[in-house]
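# Breakdown of the fold
The lines below spell out each chain.
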Amino acid sequence: MDRSMIRVENISIENFKNVKKGAIDFENRRKNYRASIVGLYGQNGSGKTALIDALQVLKFALCGKAVPEQYADYININAKYSTLKFQFKMQKEKALYDIWYQFSIGKAVDESQVEDNEIREGEPKYKAQIFDEVLSFSYASDEKKIRKSKLIDTNTSDVFIPKLKYNELLENNDEDVMELLLTKRLVHAQSRSFIFSREMISRFRRGCNVNLYLEVINSLYLFGYRELFIIDTQHEGLINMNTLPLSFKYRDNRKEMSGNLVFPLEAPAPVPNEAMELVNKIIDHMNIVLQQLVPGLTLSVVDLGSVVSKEGNLGRLVQFMSLKNGREIPFKYESAGIKKIVSILQLLIMVYNNPSITVAIDEIDSEIFEYLLGELLNIISEKGKGQLIFTSHNLRPLETIDKGFIVFTTTNPENRYIRFTNVKGNNNLRDFYYRDIVLGEQNEEVYDSTNNFEIALAFREAGAAFDS
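Residues numbered from 1 in each chain as written. Predicted model: local features only at pLDDT ≥ 70, side-chain atom pairs only at ≥ 80, totals over all residues. Heavy atoms only, no water.

## Some remarks on the overall build of the protein chain
- The secondary structure content of the protein chain amounts to 11 helices and 20 strands.
- Taking 23 Å as the expected radius of gyration for a compact globule of 468 residues, we find that the protein chain reaches 24 Å, a close match to that expectation.
- Overall, the C-alpha framework of the protein chain stretches about 70 × 60 × 60 Å when taken along its three principal axes.
- Here the protein chain holds 468 residues, and 50% of them are scored as buried.
- Of the contacts formed within the protein chain by residues at least 6 apart in sequence, a portion of 64% connects residues at least 24 apart.
- One finds the centroid of the 58 positive side-chain charges in the protein chain at a distance of 5 Å from the centroid of its 63 negative side-chain charges. (Helix = DSSP H or I, 4+ residues; strand = E, 2+ residues; numbered from the N terminus. Rg over C-alpha atoms; globule rule 2.2 N^0.38 Å. Buried < 20%, exposed > 50% of the residue type's maximum accessible area, 1.4 Å probe, protein only. Contact = heavy atoms within 4.5 Å. Lys, Arg positive; Asp, Glu negative; His and termini not counted. Charge placed at Lys NZ, Arg CZ, Asp CG, Glu CD.)

Below you can see the structure in the form of structure tokens.
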């Protein structure tokens, strides 16, 4: 194991989308693997995407960014707020940390839509707000052990509790209490996390006199920024619009960078001068693997000359090209499956090689040939080091990766996620899943049964309605 590692160990979701309650433990208890893989399978509308969305909200929170307004509608219709709980495992040198972070999401009218105490025409606009954040941790090393205890709890009229931790995290800040309370109200109104807001991260770094506490906060903050990547259905939408979203993490001896680049494919795209070297290096690294996944295929970036943006910044005009069998064509003419593979390939390379990378991909099977998908996931699960969380409808991976990596959704909103029991080592999990759909052998139903006769009758009735 590398000297430093952090990854998600457990997620608990309450009243989020169609999940009233659901928890997933990411540990594979069947066998000790270096990689952490969770593949989530289930019926349409049964809570798979809710897991990816919960991780996306976590990323917004850890980065101190505003949670987009759409998440206000993700609160379960029968609840006033959602609660998300996450447990992390962190290793630094020989020290082990367990870290717990939880928060609730509420729904409030966006005051920017209110003028002179009157709501503008139409429905009021809502925003999501983070509140009741709690950060706890435990610690164990050869020299010291600390049992689980709260580090920060914002569920108070004070800045936060416990008071002792407050004094240790914000040394000599008694005179700033009013300013801190104003900051707390401001970030709440702006739909941001208080603990991981840039204002509080700055204060913790200046005022904390206990390195252990700062290590917990700072590590989660950097994990959110640099090592947690979410590929949701918007990513797929960009590909369908002939745009290449390229998620990346790049590190060499000089620097480390991570983020997202978006390149329109219909016409040559401008790239800032300072980004050209990075783009070329990412493409070179991906080509090493790409030509093995799609035999003989490589990607190149053709430099068409200098360009000046409307802001006056210098850049290069580039065209993405694909080369196969000695023939070069614009990359825009490649299939959606090739574009999907290229868009996530650099992250998969990092998951394979880096134990502190967490990548969550919604509908990983979309557009990718099922045999290749199964082999890819098998390679990463058997030889990789990082953490990959994915949802899928394609059942091929059930035959290629360890059964301990698979979680299923249920029809019970009070217990959305389960692992199958009584699965033997020689069982084909794909066949086992099909059998359970028919026979219902698990404690929870995994499929809300349909009736073929009733479906056919419904088609006929719908057609008759058009003829009437």
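## A closer look at the packing of aromatic side chains
- One pass over the full model with this rule turns up 19 aromatic pairs.
- Look at Phe-88 and Phe-223: their rings are 6.0 Å apart centre to centre, the planes differ by 75°, and that puts the pair in the edge-to-face class. Highlighted residues: Phe-88 in strand E4 (residues 81-92) and Phe-223 in helix H5 (residues 211-227), separated in sequence by 135 residues.
- The buried category is assigned to Phe-88, whose relative accessible area is 0%.
- Given the relative accessible area of 0%, Phe-223 is considered buried.
- Through pairs of rings, three or more aromatic residues link up here, namely Phe-16, Phe-60, Tyr-71 and Tyr-74. (Phe/Tyr/Trp six-rings, centres within 6.5 Å; stacked < 30°, edge-to-face > 60°.)

## Let's talk about unusual backbone geometry
- Between Ile-161 and Pro-162 the backbone carries a cis peptide bond, its omega angle lying at 0°.
- Turning to its location among the elements, Pro-162 is positioned in the loop between strand E9 (145-153) and helix H2 (163-169).
- At Glu-93, a residue that is not glycine, the phi angle is positive and equals roughly 55°.
- Along the polypeptide, Glu-93 turns up in the loop between E4 and strand E5 (95-109).
- On the basis of relative accessible area, Glu-93 is assigned to the partly exposed category, the value being 46%.

## Considering helix H7 (residues 273-293)
- The end-to-end C-alpha separation of H7 is 31 Å, in line with the 30 Å expected for 21 residues at 1.5 Å each.
- Most pronounced at Asn-287, the bend in H7 amounts to some 35°.
- Restricting attention to buried positions, one finds in H7 the residues Ala-275, Met-276, Leu-278, Val-279, Ile-282, Ile-283, Met-286, Asn-287, Leu-290 and Leu-293. (Expected span 1.5 Å × (residues − 1). Bend = angle between axes of the 7 residues up to and from the residue.)

## Comments concerning the sheet that holds E4
- Spatial ordering of the open sheet is given by E2-E1-E4-E5-E8-E9, a layout of 6 strands whose pairing is antiparallel. Each edge of the sheet is formed by a strand with only one pairing partner; in this case those strands are strand E2 (19-25) and E9. Averaged over all neighbouring strand pairs, the angle between strand axes comes to 20°, with direction disregarded.
- Here 12 bridges tie E4 to E5, and the two strands are oriented antiparallel to one another. Each bridged residue has a counterpart across the sheet, and for Tyr-81 the counterpart in E5 is Gly-106.
- Along the sheet face, H5 touches strand E1 (4-16), E4, E5, strand E8 (126-140) and E9 and points at about 130° away from the line of E8. (Pairing = 2+ DSSP bridges. Axes fitted to C-alpha atoms, helices over the stretch in contact; angles between N-to-C directions.)

## Structural notes on the pattern of salt bridges
- Going through the model one piece at a time under the given rule, you end up with 18 salt bridges.
- In this structure, Lys-89 engages Asp-98 in a salt bridge whose closest nitrogen and oxygen atoms are separated by 2.9 Å.
- Ionic pairing is found between Arg-203 and Asp-176, a salt bridge with its closest N-O pair at 3.5 Å. In this pair, Arg-203 sits in helix H4 (residues 198-207) while Asp-176 sits in the loop between H2 and helix H3 (177-189), placing the two residues 27 residues apart along the sequence. Exposure class is identical for Arg-203 and Asp-176. Each is buried.
- Each of Asp-25, Glu-27 and Arg-29 takes part in a single network of salt bridges with overlapping partners. (Salt bridge = Lys/Arg side-chain N within 4 Å of Asp/Glu carboxyl O.)

## Some points on the sheet that holds strand E20 (residues 417-418)
- Reading across the sheet, the 6 strands line up as E10-E17-E18-E3-E19-E20 and stay open at both edges, with mixed pairing between neighbours. The sheet is open, and its two edges are formed by strand E10 (228-231) and E20, each paired on a single side.
- Relative to strand E18 (residues 387-391), strand E3 (residues 36-41) is paired through 5 bridges, and the arrangement is parallel. Along E18, the bridge assignment pairs Val-38 with Ile-389.
- Relative to E10, H5 is tilted by about 45°, and along the sheet it contacts E10 and strand E17 (358-361).
- Each of E10, E17 and E18 touches helix H8 (residues 336-353); the most contacted strand, E17, lies at about 140° to it.

## Here's the deal with the side chain of Arg-192
- Along the chain, Arg-192 turns up in the loop between H3 and H4.
- A polar atom in the side chain of Arg-192 sits 3.0 Å from the side chain of Glu-199.
- Apart from the residues within four sequence positions on either side, Arg-192 is in contact with Gly-64, Lys-65, Ala-66, Ile-130, Val-187, Ser-197, Arg-198 and Glu-199. (Polar contact = N/O pair within 3.5 Å; in protein donor to acceptor, adjacent residues only side chain to side chain.)

## A short note on the nonpolar core
- Phe-16, Phe-88, Tyr-101, Leu-135, Leu-169 and Phe-196 are the most contacted members of the largest nonpolar core, which has 68 residues in total.
- Ranked by residue count, the leading element in this core is helix H1 (residues 48-62), at 10 residues.
- Apart from residues lying up to four places away in sequence, Leu-169 is in contact with Leu-151, Ile-152, Phe-160, Arg-203, Phe-204, Gly-207, Cys-208, Tyr-213 and Ile-217. (Core = buried A, V, L, I, M, F, W, Y, C linked by side-chain atoms within 4.5 Å.)

## Describing H1
- Across its 15 residues, H1 extends 22 Å between first and last C-alpha, which sits within 8% of the 21 Å expected from 1.5 Å per residue.
- At the exit of H1 stands Gly-64, carrying a positive phi of roughly 70°.

## So, the packing of H3 against H4
- Contact geometry of H3 with H4 gives a least axis separation of 10 Å together with a crossing angle of 145°. Along the contact surface, H3 presents Glu-179, Leu-180, Thr-183, Leu-186 and Val-187, while H4 presents Glu-199, Met-200 and Arg-203.
- Across the contact of H3 with H4, the residue classes break down as 4 nonpolar, 1 polar and 3 charged. (Nonpolar A, V, L, I, M, F, W, Y, C, P; charged D, E, K, R; others polar.)

## So, the side chain of Ser-138
- You can see Ser-138 is positioned in strand E8.
- Here Ser-138 falls in the buried class, since its relative accessible area comes to 12%.
- In contact with Ser-138, other than residues within four places in its own chain, are Leu-96, Tyr-97, Asp-98, Trp-100, Ile-146, Arg-147 and Lys-148.

## Describing the pairing of strand E11 (residues 243-251)
- Most of E11 is tucked away, with 8 of its 9 residues classed as buried.
- As defined by bridge partners, E11 adjoins strand E12 (residues 256-264) across 9 bridges and the pair is classed as antiparallel. Residue Leu-244 lies in a different strand from E12, and its bridge partner there is Phe-263.

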